[in-house]
2 protein chains.
Amino acid sequence: MVKNNVGEFTADGKVFRIEEMFPKRDLINYLWSESVVCKCNQFGFGESFAGIGAYRRPLDNGERLVYIKDKTSGKLFVANRNYEKEPFEKFYAEVGLGTHRVVSEYDGIGTEFTICVPKEGFSELFRIKIANRSPSARSLSVCFFLRPCADLSGHASYGFGDFDEEIDGLYYPHEGFAIETDYKHLYFAASERADSFDVDTATFIGYDSVAYPAGMKEEKLRSVGSTFQDFYCGALRFETELLPGEEKSYYFVLGTEKTHKACAVSAKKYANAAFFEESVKSQYEANEKMIEVFRVNTPDEYLDIQTNVWLKRQLSLGKTWGRVYGKGFRDVMQDITAFVSFDPELAKKRILYALKHQYISGNPIRMYEPDFKYPYMDGAAWIPATLLSYLKETADFSVLDETIPYLDSQAEESVYSHTERGLKFLLTSRGKRNLILWGGGDWNDSMNNAGMLWKGESVWLSIATYKAVGEWMEILAGAGRTDELKSWDAARKELKESILKYGFENGYFIYGFNDYDEKVGSEDCEEGKIYLNPQTWAVLADILPKNQLASVMDTVEKRLRCDFGYTQCAPSYTHGTDKLGRSSYFQPGLVENGSVYIHGVAFKVVADCILHRAENAYDTLKRLSVYNPKNPDSGMEPYAVSNMFIGPENRYRAGEAPMSWITGSAGWLYRAVTEYLLGVRAEFGGLRIVPCLPAAWNGAKVIRKFRKATYEITFVKSDKNRITVNGREIEGNFIPYQTGKHSVICYYKN
Amino acid sequence: MVKNNVGEFTADGKVFRIEEMFPKRDLINYLWSESVVCKCNQFGFGESFAGIGAYRRPLDNGERLVYIKDKTSGKLFVANRNYEKEPFEKFYAEVGLGTHRVVSEYDGIGTEFTICVPKEGFSELFRIKIANRSPSARSLSVCFFLRPCADLSGHASYGFGDFDEEIDGLYYPHEGFAIETDYKHLYFAASERADSFDVDTATFIGYDSVAYPAGMKEEKLRSVGSTFQDFYCGALRFETELLPGEEKSYYFVLGTEKTHKACAVSAKKYANAAFFEESVKSQYEANEKMIEVFRVNTPDEYLDIQTNVWLKRQLSLGKTWGRVYGKGFRDVMQDITAFVSFDPELAKKRILYALKHQYISGNPIRMYEPDFKYPYMDGAAWIPATLLSYLKETADFSVLDETIPYLDSQAEESVYSHTERGLKFLLTSRGKRNLILWGGGDWNDSMNNAGMLWKGESVWLSIATYKAVGEWMEILAGAGRTDELKSWDAARKELKESILKYGFENGYFIYGFNDYDEKVGSEDCEEGKIYLNPQTWAVLADILPKNQLASVMDTVEKRLRCDFGYTQCAPSYTHGTDKLGRSSYFQPGLVENGSVYIHGVAFKVVADCILHRAENAYDTLKRLSVYNPKNPDSGMEPYAVSNMFIGPENRYRAGEAPMSWITGSAGWLYRAVTEYLLGVRAEFGGLRIVPCLPAAWNGAKVIRKFRKATYEITFVKSDKNRITVNGREIEGNFIPYQTGKHSVICYYKN
């Protein structure tokens, strides 16, 4: 099994069991629905919120604790945290498809603590299962504690917390003046009536510790309400007797509603076994469905697990919640290109919704929900690729005719017009070198002051625009609008000329020119002499002959590689400058300043494959892997990709991988593996198969659901490239779409 | 001695010893200079910041811990927190004049942990004194831990923390793009080189607890720097040997500077015995000086301690820092009227500075540093009283000619003009009843939506304006501008007519009329039928004949009194309404919605004294006292007044007194006792003595420094009111000012 020092996957890859409950850094899991996000660490602690339109209504934040007290011996422990690191017989957590489960056994008591977010409603669910595994009857206190976020305004006077008869649970309203949301009522209820409760930490914990709270030292909790608290708690305590072998489950819900009455209704509806089990099942099934769309079997078991299960799952967090802190236009666009294969309907919906956040000028805002309007310039450059992915997956060209308004104009225009306005915005935002203006930044968010005087020009953004126009032309051709191609092609060529004239030197592409006519990402610079993305995107954009691009990528290998990937730039800046902005102020090796920014490295894998550099591509994936033996202590979750590995130039934390889940890396790595390494690419009329497999592999298998067809593709290493479909050899590598089940054998030559 | 269940004062009242280290709620102390504020609880935990102009640069926040580990036995404890509530031989804290000191003795080790804010610089100081009180030599690890606030931007990538050779201590820079302050460098240094250190909690505490951190379980701390941390820590650990009877002190500084170099200079300058002892002395002396201005000796020992020491100290927090979270215009104005007697120079400075925050329209903003511009209407009504207090204390009429600009105009005008514009603003902001418009609110901040349609009128604000015009006339008369009196008097009378016509019904004053022509604070209302402030201010403004005012105050006794004071309104609102605003949404009994809002009750004591209702006045003070036997469990600090006692209508926490220190109550209680109960009032030409002492007292003594004179006043209960000065009887109760020392005997009749 695929395992490292923190735990292992089950054989089907659908569960990761965290065996090291005290790892180097917290291992993060996310659970979510369309309406709620719940973050939790290995113990199940974390923050959650309900997304009500653009408003984020926090539900709880911090510890979620299952206290078990043996009433005979007086012994108290926390089953899902083991504060004192007692010698538990069992103690592990399972990261599942839509669940998080902490399992422990201690002092003869088995406990399972499971968290799940239901498909509907603004709530999160918990199940606590207790089993008496000792030979004698046990008299136990079981208490579930969490930290509800009742305060919506900073005015503690608006709220109170108390047991409520009608809700049959704890109730925390926060009715105040001019509160931003209607969802002012929070409830925390259980499947049975608690014997005692507390609503504030001053009462429950007192001057003791969360591990041994005052309340658990007593016979029962004080069971009094409170008000004017900055932080409430929810503690529901149950007294129970368990015979040997007996087990018992408690079900809980923490949720928010508009009214007291609705809380009572929801508490009843959600806090019970049937609803919990149904929610777990529904989450699991939704994930299963997604998994089935693309299943791969290669000699690299971890790559399979990532591709089949966890990259998809991470991607589907982005699908619904963007980067959780907000929905970046470019992030949404990129995620769509990856999840379109397993959720084309949603992809369309998301495209249309995202395009509402574009100004009529053509430039989209950087992020929505919440809106962030700093003048980033790259938004429009992402639209054609996203549309193209959607069109290739579905052949649904009608999407181009769908109409939506602009951010600053209610005039509805077609997707076609939105895209065209976007590209025209870019093509008319030019500096003195005829390159695209840098403005507030591009993909590199943190180069946020290089162009704010509207003089600086971005070479990367110019390449991205060149690429985008090419994609748009592909769309136009597919849509039969061939008469329009000529003028776009001219615009593209003109841009390319400037890119090559000003942006290509010493065998690679510089990043740009700032407002002060200084080069960025050039050999002439003191620091940040070379950037990764302009090189990889030159390949993605096919802006030079292949041999020249290969030489550019050789430079990448030479200048940017480290043990665990490729740095975003090198060398890192050691002195901040306002002529560039934020990224230059970051500590060396962090984020855009010389980290192994995984999103960027995923572009690199794609570029390698485009140039048929299979060994480079696969080697890069292995460097990024949590199982890379040269970076065994990254701290990264095996089931979620991080935003970065801290770069080798960092004095303190090189190789560590903070910021998991919330990154565009998942989508690009997914595409890199499925569309580029395995090379199974959707096209308007069918599938193209262009494998780029490493020499060490003898072959691989893929099952790809595509529209109303299923393709079982077997890759066989051979001395010649040839493909058979249902036993018949085809010409080239393109398989025209047909419904039904097809068996494909792809013989490939390394 | 004056004591209750939490501790007691020393005989001179200058120190409160907290003996109950685990009280109902944290007991708060504040330490501060002109540049730094440090809040701490009984253990010395809390938050601190440097005030750099209007910018607040946080220094640390959270626990400050002195770990002691016996290296022979391995036993570890936290000397200033005693997490496990071990049977310490000693464990108390001393709230002193500018210091906080936690003293403990356990396992043969005596520890003193003292915090002090130095007069200069952006830093806070700590001393840890360790004494071996056991009969054998001891080998100890001593570690001081705190939680520095290194992050100024939310971008963890900007910062790092590490030991720095030049600083000879820990260094946490946060150089980033567009940081709001120049003070980006934080340092934490000791009087000697630490043997080991940690800079992040993940390393120091790990998965253990703050009580038994991972770092203290080892031989030494890991001594590695870190970066990209959301929260840093500062842990400096020393290994030492102490012979029996030996003691040792460590001195620490946590501070901020603009540069690394300046950190190194300051660390050296501040982290040593001499600077610490000098700082303690300087804080003490400044307080002593303040205490000497007014010393009283009555049969009520607690009243003496409050008046002589702690109300002044609390008031002087306001003197420098307003309400800490910001400088409310009205708050600053009111504090000045109280502290002017012990710091007239600063009073003048503060008046001039505050008046810069007035629009040229005449209306001041609600708060500055940070600015808060919601359209509150009462600001200008506070100016004349403040000026009058200053003029009576100093006779320095030149202040009226000082010029300062307006918030929205650089045109400098005199204080005279500022005041006049303020009053004219009020007198021209009138509704259809000819009362003053309510706008965004008045003293009652939380009635913030009763007049936002600019129709609602406030009766209280009309009374306050009537009072303010009277005070202005007193100033004009004093300044010899008698020709101006007539027109002001006419305006005043006209306003009074409307107040009495529309605002006085059923024997008391209503609060006002909201935008919808609905009465507020009237018998006609369903809730909030009567408010305290319109009644007390009617007395302060002398708006009716004395007998009628007495009857108004009888109504107050009948309708608003409870065991621990007088509620701000009754009954409390149980349903929020946007026709009033915030206060109606507060839970019953909280803040402006029916709490015993102490600031308001202080007005009531003054009103009682004005009406010579000595028993009512004194009884009210006793109700507010932390030693009130009918409310023994308020949780209030004996050395600091709270903002409120939660009102009797609150279901959960009636009688509790949260929100200590930060309240205008201190100033008004100080004035109530000194100027009204004892009745020693400054006037332009001297002192007026109008005692209003309770029957239970046989007399009292006061020493009042007034300008260049000192008056020793003995109050003697008698059958007739008469006063002798230096042995000679005077006519009436006015003592014309003369330099020198004077012995006054005031015979008074109850």
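Let me sum up the structure you'll find in this document. Just so you know, these numbers come straight off a predicted model, no measurement behind them.

1. Quick notes on the packing of helix α12 (residues 532-541) of chain A against helix α15 (residues 598-610) of chain A
Residues and elements named next belong to chain A.
And step 1. With their axes 9 Å apart at the nearest point, α12 and α15 run at an angle of 35° to one another. Crossing of α12 over α15 shows left-handed handedness. Across the interface between the two elements, Leu532, Asn533, Thr536, Trp537, Val539 and Leu540 of α12 pack against Gly600, Val601, Phe603, Lys604, Val606, Ala607 and Ile610 of α15.
And step 2. Partitioning the contact of α12 with α15 into residue classes produces 9 nonpolar, 3 polar and 1 charged.

2. Some remarks on the packing of aromatic side chains
And step 1. Scanning the model with the defined rule gives 124 aromatic pairs over all chains in all.
And step 2. Between A:Tyr207 and B:Phe22, the ring centres sit 5.3 Å apart and the planes meet at 70°, which makes this aromatic pair edge-to-face. One end of the pair, A:Tyr207, is in the loop between α1 (201-204) and α2 (214-217); the other, B:Phe22, is in the loop between β3 (16-18) and β4 (29-32), on a second chain.
And step 3. Judged by its relative accessible area of 15%, A:Tyr207 falls in the buried class.
And step 4. Measuring from centroid to centroid gives 6.1 Å for B:Phe113 and B:Phe126, while their planes differ by 5°, and the two rings are stacked. Of the two residues, B:Phe113 is situated in strand β12 (residues 109-116) and B:Phe126 in strand β13 (residues 123-132); the sequence distance between them amounts to 13 residues. You'll find B:Phe113 and B:Phe126 in the same group, each marked buried.
And step 5. Sitting over the face of the ring of A:Tyr416, A:Arg481 holds its NZ or CZ atom 3.7 Å from the ring centroid.
And step 6. Above the plane of the ring of A:Tyr516 lies A:Lys579, whose end atom (NZ or CZ) is 5.2 Å from the centre.

3. What about the relation of the copies chain B and chain A?
And step 1. Between the two copies, chain B and chain A, the superposition gives an RMSD of 0.0 Å; the rotation angle is 180° and the shift along the axis is 0.0 Å. Such values leave the two copies arranged in the relation of a two-fold axis. Using C-alpha coordinates, one finds that chain B approaches the rotation axis most closely at B:Ser209, a distance of 4.4 Å.
And step 2. A high fraction, 100%, of the interface residues of chain B reappear at the interface in chain A, so the copies pair face to face through one surface.

4. Concerning the sheet that holds strand β27 (residues 436-437) of chain A
Residue and element names in this part refer to chain A.
And step 1. With antiparallel pairing, the 4 strands of this open sheet are ordered in space as β27-β28-β31-β32. Single-partner strands in this sheet number two, and they are β27 and β32 (519-520).
And step 2. Note: strand β31 (residues 512-513) against β32, 2 bridges, orientation antiparallel. By the bridge assignment, phenylalanine 513 is partnered in β32 with lysine 519.

5. A short note on the packing of helix α10 (residues 459-478) of chain A against helix α11 (residues 485-503) of chain A
Between two packed helices, what matters for the description is the angle formed by their axes and the separation of those axes.
All names here are of chain A.
And step 1. The contact between α10 and α11 brings their axes to 10 Å, and the two run at 160°. Classed by the angle they form, the pair α10 and α11 counts as roughly antiparallel. Two packed elements cross with a definite hand, and for α10 against α11 that hand is left-handed. Contacts from Val459, Ser462, Ile463, Thr465, Tyr466, Val469, Gly470, Trp472, Met473, Leu476 and Ala477 of α10 reach α11 at Leu485, Trp488, Asp489, Arg492, Leu495, Lys496, Ile499 and Gly503.

6. Points about the state of the cysteines
And step 1. Counted by the stated rule, this structure contains 0 disulfides over all chains.
And step 2. A:Cys746 forms no disulfide, and the closest cysteine sulfur to it belongs to A:Cys692, at a distance of 12 Å.
And step 3. Of the residues examined, A:Cys746 reaches a relative accessible area of 2% and is grouped as buried.
And step 4. A disulfide-free cysteine, B:Cys116 has its sulfur positioned 9.6 Å from the sulfur of B:Cys38, the nearest such atom.

7. Quick notes on the environment of B:Asn448
And step 1. Mapped onto the elements of the fold, B:Asn448 is located in the loop between α9 (415-428) and β27 (457-458).
And step 2. Between the C-alpha atom of B:Asn448 and that of B:Glu20, which follows or precedes it by 428 residues, the distance is 40 Å.

8. Looking at the interface of chain B and chain A
And step 1. Taken together, the contacts link 43 residues of chain B with 43 residues of chain A.
And step 2. Summed over both partners, the interface of chain B with chain A buries about 3,400 Å², with 60% contributed by carbon and sulfur atoms.
And step 3. By the criterion of area lost to chain A, the three top residues of chain B are B:Phe177, B:Tyr207 and B:Tyr652, representing 26% of everything that side buries.
And step 4. The interface formed by chain B and chain A contains 2 salt bridges.

Procedures and definitions
- Residues numbered from 1 in each chain as written.
- Chains lettered and ligands numbered in written order.
- Predicted model: local features only at pLDDT ≥ 70, side-chain atom pairs only at ≥ 80, totals over all residues.
- Heavy atoms only, no water.
- Axes fitted to C-alpha atoms, helices over the stretch in contact; angles between N-to-C directions.
- Helix = DSSP H or I, 4+ residues; strand = E, 2+ residues; numbered from the N terminus.
- Left-handed = near helix turned anticlockwise from the far one by under 90°.
- Contact = heavy atoms within 4.5 Å.
- Nonpolar A, V, L, I, M, F, W, Y, C, P; charged D, E, K, R; others polar.
- Phe/Tyr/Trp six-rings, centres within 6.5 Å; stacked < 30°, edge-to-face > 60°.
- Buried < 20%, exposed > 50% of the residue type's maximum accessible area, 1.4 Å probe, protein only.
- Lys NZ or Arg CZ within 6 Å of the ring centre and 35° of its normal.
- Least-squares fit on C-alpha atoms with pLDDT ≥ 70 in both.
- Pairing = 2+ DSSP bridges.
- Parallel < 35°, antiparallel > 145°, perpendicular 65-115°, else oblique.
- Disulfide = S-S within 2.5 Å.
- Buried area = accessible area lost by both parts, 1.4 Å probe.
- Salt bridge = Lys/Arg side-chain N within 4 Å of Asp/Glu carboxyl O.

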